[in-house]
Amino acid sequence: MLLLKLGGSVITDKNRLNVVRKRILNRLSKEISMVDDKIIIVHGAGSFGHILAERYRLNDGYSNENQLEGFALTHRNVRVLNNIVLDSLTSAGIPSISIPPISFIELDNRKPKQVNLKTFRKTLDSNFVPVTFGDVVFDVSLHFSICSGDLLMILLAKEFKPDRVVFAIDEDGIYSKNPKKYKNARLLTELSRDELSKITTDLTYSDVTGGMEGKLNSIAEIAGMGIDVVVVNGNKRDRVYRALTRRRTKGTIIYGEVT
């Protein structure tokens, strides 16, 4: 079984509210459709979630009634994106089922408190492809907060022990430093979990859900389960397909090491 994260920066224009990159999304759906293994798909919220979440400070928890509107708007927006993703996958011949985080997870101070993944197993057993996404959810301590796609990747990897985990991002892989800022940034093609933990990021990588630093922490945790993780550029044709099917491709592989 495989676990795939489609980054919000790949399938949406993160600088423009509610803008989908449909050509990229449809091409990715076709690549996924050529994979024979069972697969779980997680997608980021991109501009459908991050912009409103920042505007209403939703990850800080409840502080005023105006945030209730922000919560509702953000949840509606990411469901809109999720439906667009489902339409794309279905058009590519992938029988996809949406499983919203608010239906199976509750947080406590942004950390998992109650998680029920039975629906994912039933969906897989029925030969459907489960699709979930970053969203706002209820939080015992904060009233509400954000459940990122990267947190979902950790929880799903822990439960299902996939053979391989793939992150599709908007860079060629993991670099020695932020490639958007430093011209001498070097692509790291192979890493151990320990080597990954020594890589530092800077604030230009950050967003409301932790940005690249949060992603690296998630990848390190998954690799610590003994699962290989591959990070590739979702904007480049066939790289996601090749990563999912264990073919050689440009990117970064982090070798799983049980900790």
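Treat the numbers as computed from the prediction; the structure is a model and nothing was measured. (Residues numbered from 1 in each chain as written. Predicted model: local features only at pLDDT ≥ 70, side-chain atom pairs only at ≥ 80, totals over all residues. Heavy atoms only, no water.)

## A few points about the environment of Leu68
Moving on, step 1. Within the element layout of this structure, Leu68 appears in helix 4 (residues 66–91).
Moving on, step 2. Classification of Leu68 as partly exposed rests on a relative accessible area of 42%.
Moving on, step 3. Taking the C-alpha atoms as reference points, Leu68 and Val85, separated by 17 residues in sequence, lie 26 Å from one another.
Moving on, step 4. Not counting the four nearest positions on each side in its chain, Leu68 is found in contact with Tyr62, His143 and Phe144. (Helix = DSSP H or I, 4+ residues; strand = E, 2+ residues; numbered from the N terminus. Buried < 20%, exposed > 50% of the residue type's maximum accessible area, 1.4 Å probe, protein only. Contact = heavy atoms within 4.5 Å.)

## Some words on the packing of aromatic side chains
Moving on, step 1. Evaluation of the coordinates by the stated rule reveals 4 aromatic pairs.
Moving on, step 2. Taking 5.4 Å as the distance between ring centres and 50° as the angle between the ring planes, the aromatic pair formed by Phe71 and Phe144 counts as tilted. Of this pair, Phe71 sits in helix 4 while Phe144 sits in strand 8 (residues 143–147); the two residues are 73 residues apart in sequence, bridging distant segments of the chain. No difference in accessibility class separates Phe71 from Phe144, as the two residues are buried.
Moving on, step 3. A ring pair is formed by Phe104 and Phe120, whose centres lie 5.1 Å apart and whose planes are at 90°; its orientation type is edge-to-face. Taken together, the residues span a long stretch of sequence, with Phe104 in the loop between strand 3 (96–98) and strand 4 (105–108) and Phe120 in helix 5 (residues 118–125) at a distance of 16 residues. Taken individually, Phe104 and Phe120 each receive the classification buried, so the pair is uniform in this respect.
Moving on, step 4. Directly above the aromatic system of Tyr182 lies the positively charged group of Lys177, at a separation of 5.1 Å from the ring centroid. (Phe/Tyr/Trp six-rings, centres within 6.5 Å; stacked < 30°, edge-to-face > 60°. Lys NZ or Arg CZ within 6 Å of the ring centre and 35° of its normal.)

## A look at the environment of Gly173
Moving on, step 1. Among the structural elements, Gly173 can be located in the loop between strand 9 (164–169) and strand 10 (174–175).
Moving on, step 2. Sequence separation of Gly173 and Leu188 is 15 residues, and the distance between their C-alpha atoms is 7.2 Å.
Moving on, step 3. Those residues in contact with Gly173, other than ones at most four positions away along the chain, are Leu187, Val231 and Thr252.

## Points about helix 6 (residues 149–160)
Moving on, step 1. Over its 12 residues, helix 6 runs 16 Å from end to end, which matches the ideal 16 Å to within 8%, given 1.5 Å per residue.
Moving on, step 2. Within helix 6, 10 of the 12 residues are buried, which leaves the element mostly enclosed by the surrounding structure.
Moving on, step 3. Taken as a whole, helix 6 has its buried residues at Gly149, Asp150, Leu151, Leu152, Met153, Ile154, Leu155, Leu156, Ala157 and Phe160.
Moving on, step 4. Looking one or two residues beyond helix 6, the residue adopting positive phi is Lys161, at roughly 45°. (Expected span 1.5 Å × (residues − 1).)

## A few points about the sheet that holds strand 12 (residues 190–192)
Moving on, step 1. The mixed open sheet is built from 8 strands, whose spatial order is 3-6-2-1-9-13-14-12. The strands lining the two open edges of the sheet, one partner per strand, are strand 3 and strand 12. Across the sheet, the axes of successive neighbouring strands diverge by a mean angle of 20°, strand direction being ignored.
Moving on, step 2. Judged from the 3 bridges that link them, strand 13 (residues 228–233) and strand 14 (residues 252–255) form a sheet pairing that is antiparallel. By the bridge assignment, Val229 is partnered in strand 14 with Ile254.
Moving on, step 3. Each of strand 2 (39–43), strand 3 and strand 6 (129–133) is contacted by helix 5, which is oriented at about 145° to strand 6, the strand it contacts most. (Pairing = 2+ DSSP bridges. Axes fitted to C-alpha atoms, helices over the stretch in contact; angles between N-to-C directions.)

## Description of the packing of helix 5 against helix 6
Moving on, step 1. Between helix 5 and helix 6, whose axes approach to 11 Å, the crossing angle comes to 65°. Helix 5 and helix 6 meet at a crossing whose hand is right-handed. Touching Phe120, Arg121 and Leu124 of helix 5 are Leu156, Glu159 and Phe160, all from helix 6.
Moving on, step 2. Here the residues of the contact of helix 5 with helix 6 sort into 4 nonpolar, no polar and 2 charged. (Left-handed = near helix turned anticlockwise from the far one by under 90°. Nonpolar A, V, L, I, M, F, W, Y, C, P; charged D, E, K, R; others polar.)

## Quick word on the packing of helix 2 (residues 22–33) against helix 4
Moving on, step 1. The geometry of helix 2 relative to helix 4 is characterised by a closest axis approach of 8 Å and an angle of 50° between their N-to-C directions. In terms of axis orientation, helix 2 runs oblique to helix 4. The crossing of helix 2 and helix 4 is right-handed. Across from Leu25, Asn26, Ser29 and Ile32 in helix 2, the residues of helix 4 making contact are Ile84, Val85, Ser88 and Leu89.
Moving on, step 2. Of the residues assigned to the contact of helix 2 with helix 4, the class counts are 5 nonpolar, 3 polar and no charged. (Parallel < 35°, antiparallel > 145°, perpendicular 65-115°, else oblique.)

## Considerations on the confidence of the model for the chain
Moving on, step 1. With 95% of its residues at a pLDDT of 70 or more, the chain has an overall mean of 93.
Moving on, step 2. Every residue in residues 203–209 is under pLDDT 50, and counting partners more than four places away or in other chains gives 19 contacts. (pLDDT = per-residue confidence, 0-100.)

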